[in-house]
Amino acid sequence: EIVPGRDVIPKKEDLCKHASYEGEEEKPSEKAADEKKPRKRKTESVKLTKAKKKKKECFVAQEKQDTAEDKGVEKPKKRRKKKNITDALAASEPKPGCAADLQELLRDHYADKLSIIELEELQLPDSCFLARNDLSHSLSSYLKEICPKWAKVQKNHAIKRSVVLLIICSSALRTIELIKQLTAFKGEGKVLKLFAKHIKVEEQMKLLAKGVAHIGVGTPGRIKALIEKDGLTLDALKYVVLDWNWRDQKLRRMVDIPEVKVDMLKLLETRIIMGCRAGTIKLGLF
């Protein structure tokens, strides 16, 4: 019921205006509230991403600096040139080898491989060694000094597959050089080349079995192989000469080349050291 004077029916136009006015007032406030919230989130997310990127960039920069510093530390180590055997030997004065040098070499090489008793068996008394080369001798003059009665010795030798004098050197080329230097000493004695280059073991075994040879010159690896195959025996052997003092183009001696040194020590260990201890074989360092 409508009470006159109290209740007034609003017109449609007024209602529309009122609605539009309220709508206009609410919409901008809601839009402002809605617009403010995502903007804050966007700025915060942008700041976080930027901070993360900066941190990543800092870490990458630090890693690059660390790696650069590490590389900078390692580079001089790599650039440092290691001293070669040639440089070390060139700086040192050449000294003639002696019996103590060979004894020390045997002891150092077999210290971790043999027992104390076995090491004592490898030690040689001074009586086993011939006079050493003082770097003033040629091969012929040195052999004449250690074996003054060579003419008589070679005449009495008649055992096949064995030699009286065994010269051990580092290479095939050095073997040929030493054989050329034997012309003033060997006389009528027969000399055999005992190295592995271009010559088979079977051919050398045939030469040793064919006739009497007085002098054998070769490398320790091939001589050891011939002894193990019974192509070369030590029955008539009296003198063993090591080409100790000679140096190659790199100033290396026979004992400075690892593979040659090992073969030489194994060869001495077979029966030569036993013959030296028994007094039947003499050792010389040329």
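Preceding this section is the structure that the text describes.
In this report, we go over the structure that sits alongside the text. (Residues numbered from 1 in each chain as written. Predicted model: local features only at pLDDT ≥ 70, side-chain atom pairs only at ≥ 80, totals over all residues. Heavy atoms only, no water.)

Bringing the overall build of the protein into the picture now. When helices and strands are counted, the protein shows 11 helices and five strands. When contacts within the protein are restricted to residue pairs at least 6 apart in sequence, long-range pairs at least 24 apart make up 76% of them. For the protein, the computed accessible surface area is about 19,500 Å², with 53% contributed by carbon and sulfur atoms. (Helix = DSSP H or I, 4+ residues; strand = E, 2+ residues; numbered from the N terminus. Contact = heavy atoms within 4.5 Å. Areas by Shrake-Rupley, 256 points an atom, 1.4 Å probe, with all protein chains shown as cover.)

With that settled, the discussion passes to the sheet that holds strand β4 (residues 239-242). The strand order β2-β3-β1-β4-β5 describes an open sheet built from five strands, whose pairing is parallel. In this open sheet, the two strands that pair with only one neighbour each are β2 (191-194) and β5 (282-285). Pairs of neighbouring strands in the sheet enclose a mean axial angle of 20°, with direction left out of account. Here four bridges tie strand β1 (residues 165-168) to β4, and the two strands are oriented parallel to one another. Note that in β4 the partner of Ile167 across the bridge is Val241. On top of the sheet, helix α10 (residues 220-228) reaches β1, β2 and β3 (215-218); it is set at about 135° to β1, its chief contact. (Pairing = 2+ DSSP bridges. Axes fitted to C-alpha atoms, helices over the stretch in contact; angles between N-to-C directions.)

This part takes up the packing of α10 against helix α11 (residues 258-278). Where α10 meets α11, the closest approach of the two axes is 8 Å, and the angle between their N-to-C directions is 35°. In the crossing of α10 with α11, the sense of the turn from one axis to the other is left-handed. Seen from α10, the contacting residues are Pro220, Gly221, Ile223, Lys224 and Ile227; seen from α11, they are Val260, Asp263, Met264, Lys266 and Leu267. Classifying every residue of the contact of α10 with α11 by side-chain character gives six nonpolar, one polar and three charged. (Left-handed = near helix turned anticlockwise from the far one by under 90°. Nonpolar A, V, L, I, M, F, W, Y, C, P; charged D, E, K, R; others polar.)

Right, let's get into a negative patch on the surface. There is a patch of like negative charges on the surface, built from Glu118, Glu120, Glu121 and Glu269. For the negative patch, the element with the highest residue contribution is helix α4 (residues 116-122), accounting for three residues. Take Glu269: it is sitting in helix α11. Its relative accessible area of 34% is what places Glu269 among the partly exposed residues. (Patch = residues over 30% accessible without salt bridge, like charges linked within 9 Å, V, L, I, M, F, W, Y side chains within 5 Å. Salt bridge = Lys/Arg side-chain N within 4 Å of Asp/Glu carboxyl O. Lys, Arg positive; Asp, Glu negative; His and termini not counted. Charge placed at Lys NZ, Arg CZ, Asp CG, Glu CD. Buried < 20%, exposed > 50% of the residue type's maximum accessible area, 1.4 Å probe, protein only.)

Our focus in this paragraph is the nonpolar core. Residues Val240, Leu242 and Met264 are the most contacted members of the largest nonpolar core, which totals 40 residues. When residues of this core are assigned to their parent elements, the largest contribution, eight residues, is made by α11. Sequence-distant contacts of Val240, defined by excluding residues within four places in its chain, comprise Leu166, Ile168, Ile272, Ile281, Lys282, Leu283 and Gly284. Counting residues in each nonpolar core, the second largest holds 22 residues, with Leu130, Leu165, Leu182 and Val191 among its members. (Core = buried A, V, L, I, M, F, W, Y, C linked by side-chain atoms within 4.5 Å.)

Okay, the pattern of salt bridges next. This model, assessed by the stated rule, comprises five salt bridges. Between Lys224 and Glu228 there is a salt bridge, with the nearest N and O atoms lying 2.4 Å from each other. In this pair, Lys224 and Glu228 both sit in helix α10, four residues apart, roughly one turn of the helix. Here Asp256 and Arg253 are joined by a salt bridge, their closest N and O atoms 3.2 Å apart. With respect to class, Asp256 is no different from Arg253; both count as buried. Connected via shared salt-bridge partners are Arg174, Glu177 and Asp243.

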